[in-house]
Amino acid sequence: MNPPDAVVPAPNHSSSPAPGLWRWITTTNHKDIGTLYILFAFTMFLIGGIFALFVRWQLFSPDVQIMDANLYNQAITMHGLVMIFGFLMPVGVGFANWNIPLMIGAADMALPRLNNLSFWVLVIAFIVLLSSLVLSQPGPNAGWTFYAPLSASYGPPSIDYMIFAIHLMGLSSIMGAINIIVTILNMRCPNMRLRDMPMFCWAWLVTSFLLLAAMPILAGTVTMLLFDRHFGTTFFNAAGGGDPLLFQHLFWFFGHPEVYILILPAFGVISQVIPIFARKPLFGYYTMVAALIGIGLLSFFVWAHHMFAAGIATGSQLYFMFITLLVAVPTGVKIFNWLATLYKGSISFEPPMLFAIAFLLQFTIGGLTGVMLALAPVNFQYHDSYFVVGHFHYVIVSGAVFAVFAGIYLWLPKWTGHMYSYRLANWHFWLSVISVNMTFFPMHFLGLAGMPRRIVDYSLQFTNFNMVSSIGALIFGVSQLLFIYIALRSFNHGKPASNHVWQGSKGLEWILSSPPPYHSFHTPPVFTHHEHTSHHHEEKLS
Amino acid sequence: MKKNYRNHKLTTLLAATAVIMFGVAFALVPFFNLLCDALDLNSINQSRARDVDVNPQLAHNIDHNRIISLRFDISYNDDFPWHVVATDPIMHIKPGSRQHTEYLAVNHSKITTTIRAIPSIWPPEAAKYLIKTECFCFEQQILDPYSSAQLPIYYYINPALPDHIEHITLSYTFFDISNFQPSTPAAPL
């Protein structure tokens, strides 16, 4: 069994939460707020998914015309905004809220009331954004990247709703990031040095710094956009001395760290899952930390690889190509270390591990197409084609989203106290893996064959692959309903889960009961650190 | 230190960082200009040659030992209301000698239109050595329906042009800015 790393404090009162709906509005409890974030995120996942299904329906074949171009542009814009800002980022913060205090032996987050505010500000943000579709048609239709001058000179009034919503989302993320940094730096239990922290916490520490530095840049950019739209400035207008390219530079200066904000927490989850189901400590703790920090730092220096075709100078293109290739190196280190963790491990394939292994394969594919895109000369062919769409969906969907599934399947028994059905989870896994590849792999070929992105219709020769992709998307969408069922059912049904849940689990969160008490670690646990060496002490059977 | 105080201190520091990064977004604008000047990026669409380390007297001396081929290129999209053609698509000239060429433009639409031409020079290093003393590209051009104009360029190539450059292309992209009147005049590029 697990050698006791810490002692569970004698249970004092487990004071119960306030009754009724008011509890959820005023809670400052990290478990409640984590639950709120995750439920919100999956609601947004379904909404974003519906937008996606409309897009794929329209693109099923050239003669399908279920919406006009303007409505289609709104669908792709909202799909991107909702999935990135409404699903991936909140679900990550939900995981962080639930897990970080448990993993570091803290009673709660450092700033519990700020935590509550961060969540509800996000809800308001999405009420504003989604209501713009109804209250102010046409809704935001300039893509999730809403370049100027399209958004500035030609954007409908709903762009202002979008700008306001982005300000609120940014505020929520920044406050959440501050909370996480302060919690991790200040609230670790005695004896837990930074280098004793689980990798999940390290991933969130680096991600939070990225959020802190990048989100305000987006806030500045959309403020400039708002001013250009309404207050007579010409930041992005060449006629007034500004430059449309400024928008792209500013947006991607935020935008590139943003995509690492999406993937680093996923890396953190995978680093928790694989050691548990390989029954082996994570290989290369310090190089994993160094890789996280390296990726985080480098992410600020590569932004213009989104702009190779925008007319930037040749010298710039060369620089950004080399530096982008460089950031693939620490990413490769992480993949290697996960594989090395599996090597000579005693592996079992419960649902979390299934998704983690799928992540390794699929994220690597997405990473490789990313390296292809980084090559500036060939980027001119890939740019704004479906090749790019294929690339980022591989890293985001079969990368980050699969890691989310792995994390849910890993921690759901801990959070709810019930085991879910492995049989159903396996169905969800295989349907998801097969359909995700069906949806996004053909996009690489479509892009190479010349299909542009962000178009409402396409030339006849692209039909067959688009059909395959749309059918895959439908299957993927329906499979996620199965996932929702599995997850919701485990709230109240299923075999009771033990404290440690999984045979290979290590760490403070697994010594608490499942579910843990409403207030846990009121008294800090006793934590003894051990060195991260590759030759670990032999596990003694107790 | 009490944990609360430590938390408050760190929170304030981090919140200040967020506020500063907001300011950084605005500060990036002049910062980019400084950096691009220092690294000599984006010189290809500079309309006026910038200062070069060369004796201004010598700039007028004709270098008889070199011939540079200068190609004049034109781009505009399908909706563009004018037809534009270069009188001399390629000129072979000696650095230092004063030259003159023209673009012929015809407005084949029914409305008066205002046009702006944005230059681009290849290779980028040649940009500062191609000195235009007078160019239609310095200002907007306006043409009435069905009228035409000769758009002049008076220029010379600074003899200090690096030796390895033998061919230069001067390309103009034409934009219809009729519906787009700025409240303040555009800054020179």
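These lines cover the structure that appears in this document, whether it is placed above or below. Since we're looking at a predicted model, the values are computed, not measured. (Residues numbered from 1 in each chain as written. Chains lettered and ligands numbered in written order. Predicted model: local features only at pLDDT ≥ 70, side-chain atom pairs only at ≥ 80, totals over all residues. Heavy atoms only, no water.)

Thoughts on the interface of chain A and chain B
Worth spelling out the cut-off: In this description, contact between two residues means that some pair of their heavy atoms is separated by no more than 4.5 Å. As used here, buried area is the combined drop in accessible area, with a 1.4 Å probe, of two parts when they are placed together. A pair is scored as a salt bridge if a Lys or Arg side-chain nitrogen falls within 4 Å of a carboxyl oxygen belonging to Asp or Glu. Nitrogen and oxygen atoms within 3.5 Å of one another constitute a polar contact, given that in protein one can donate a hydrogen and the other can accept it, and given that sequence-neighbouring residues count only through two side-chain atoms. Counting from the N terminus, the helices are the DSSP runs of H or I reaching at least four residues and the strands are the DSSP runs of E reaching at least two. Classification convention: Asp, Glu, Lys, Arg as charged; Ala, Val, Leu, Ile, Met, Phe, Trp, Tyr, Cys, Pro as nonpolar; all other residues, Gly among them, as polar.
Contact with chain A, which involves 34 residues of that partner, is made by 25 residues of chain B. When chain A packs against chain B, the two sides together hide about 2,400 Å² of surface, and 75% of this comes from carbon and sulfur. Our count for the contact surface shared by chain A and chain B stands at 0 salt bridges. Between chain A and chain B we count 2 residue pairs in polar contact (both at pLDDT 80 or more) in total. Those elements giving two or more residues to the side of chain A that touches chain B turn out to be helix 6 (158–186), helix 7 (199–230), helix 8 (244–278) and helix 10 (314–342) of chain A. No other element matches helix 7 of chain A, which puts 9 residues into the side of chain A that touches chain B. For the side of chain A that touches chain B, the per-class residue count stands at 24 nonpolar, 10 polar and no charged.

Examining the pattern of salt bridges
It is possible for side chains of opposite charge to pair when their charged atoms get near one another. All names here are of chain A. The cut-off we apply is this: The buried label goes to any residue with under 20% of its type's maximum accessible area, the exposed label to any with over 50%, and the partly exposed label to all in between, with areas taken from a 1.4 Å probe on protein chains only.
Taken as a whole and judged by the stated rule, the model has 3 salt bridges over all chains. Close ionic contact of aspartate 32 with arginine 23 constitutes a salt bridge, the shortest N to O distance being 2.6 Å. The burial state of aspartate 32 is the same as that of arginine 23; both residues are buried. We note a salt bridge from aspartate 196 to arginine 193, for which the minimum N-O separation is 3.0 Å. What makes aspartate 196 buried here is its relative accessible area of 9%.

Some details on the sheet that holds strand 2 (residues 82–86) of chain B
Residues and elements named next belong to chain B. Note the cut-off: At least two bridges found by DSSP between two strands is the condition for calling them paired. Every axis corresponds to a line fitted to the C-alpha atoms, with the helix fit spanning only the stretch in contact, and the corresponding angles, defined between N-to-C directions, vary from 0 to 180 degrees.
Spatially, 2-4-8-6 is the arrangement adopted by the 4 strands of the open sheet, whose pairing is antiparallel. Each edge of the open sheet carries a strand with a single partner, namely strand 2 and strand 6 (130–135). Taking the axes of each pair of neighbouring strands and ignoring which way they run, one obtains an average angle of 25 degrees across the sheet.

A few points about a nonpolar patch on the surface
Residue and element names in this part refer to chain A. Put simply, the rule reads: Patches draw on residues past 30% relative accessible area with no salt bridge. Two like charges within 9 Å are joined, as are two nonpolar side chains (Val, Leu, Ile, Met, Phe, Trp, Tyr) within 5 Å. Each accessible area is a Shrake-Rupley estimate made with a 1.4 Å probe; only the visible protein chains count as cover when residues are assessed.
On the surface, Leu46, Leu53, Leu474, Val478 and Leu481 cluster together into a nonpolar patch covering about 410 Å² of accessible area. When contributions to the nonpolar patch are tallied by element, the ones reaching two or more residues are helix 2 (30–58) and helix 15 (463–489). For the nonpolar patch, the element with the most residues is helix 15, which contributes 3 residues. Tracing the backbone through its elements, the reader meets valine 478 in helix 15.

As for the state of the cysteines
Convention followed: Count a disulfide wherever a pair of cysteine sulfur atoms falls within 2.5 Å.
Overall, the coordinates contain 1 disulfide over all chains when judged by the stated rule. Disulfide pairing is shown between B:Cys135 and B:Cys137; the S-S distance is 2.2 Å. Linking B:Cys135 and B:Cys137, the disulfide has an S-S dihedral of approximately 130 degrees and is accordingly described as right-handed. With a relative accessible area of 5%, B:Cys135 lands in the buried category. The thiol sulfur of A:Cys189 is not disulfide-bonded, and the nearest other cysteine sulfur, from A:Cys201, lies at 10 Å. With a relative accessible area of 3%, A:Cys189 lands in the buried category.

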